[in-house]
Amino acid sequence: VSTQRGERVVEWFWEVVEEFRVDEEEKLALMLLQFWTAYQRVPYGGFRAFNYNLKLNSWKDGLADSLPRVQTCFFVLELPPYSSKEALRKSLRVAVLYNHIGYGTS
């Protein structure tokens, strides 16, 4: 994953993802990957066969209360300038869960 280093929101993102992985919300980490890539299943050959570079960017001109946005064709996840890690966590949960439920993927 390529990122913009030194961005507070990017650091918070990785902290939140790590918390998803150790919480009872582990399924959210998998849904996040689905949200980011639009892949509904693990690629044939597993993630080692996934030969694409995921990109994580801060979305500087986005509103602080916006949901994260993705460009699934290019595997880019953009994070608005959240005011806190908790705000990022809530918005990320909404985006991931809405994507999972809203488009009927499972």
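Scroll up for the structure.
Here the structure is a predicted model, which is why all the values come from computation and not from measurement. (Residues numbered from 1 in each chain as written. Predicted model: local features only at pLDDT ≥ 70, side-chain atom pairs only at ≥ 80, totals over all residues. Heavy atoms only, no water.)

1. Looking at the pairing of strand β4 (residues 76–79)
At step 1: Neither face of β4 is exposed, since V76 and E78 on one face and L77 and L79 on the opposite face are all buried.
At step 2: With four bridges connecting them, strand β2 (residues 55–58) and β4 associate as parallel partners. Of the residues in β4, the one forming a bridge with S58 is L79.
At step 3: Two elements, strand β3 (residues 69–71) and β4, share three bridges in a ladder whose sense is antiparallel. (Buried < 20%, exposed > 50% of the residue type's maximum accessible area, 1.4 Å probe, protein only. Helix = DSSP H or I, 4+ residues; strand = E, 2+ residues; numbered from the N terminus. Pairing = 2+ DSSP bridges.)

2. Topic: a nonpolar patch on the surface
At step 1: Residues L67, V94 and Y98 make up a contiguous nonpolar surface patch of roughly 310 Å² in combined accessible area.
At step 2: When you line up the elements, V94 lands in helix α3 (residues 85–102).
At step 3: Of the residues examined, V94 reaches a relative accessible area of 45% and is grouped as partly exposed. (Patch = residues over 30% accessible without salt bridge, like charges linked within 9 Å, V, L, I, M, F, W, Y side chains within 5 Å. Areas by Shrake-Rupley, 256 points an atom, 1.4 Å probe, with all protein chains shown as cover. Salt bridge = Lys/Arg side-chain N within 4 Å of Asp/Glu carboxyl O.)

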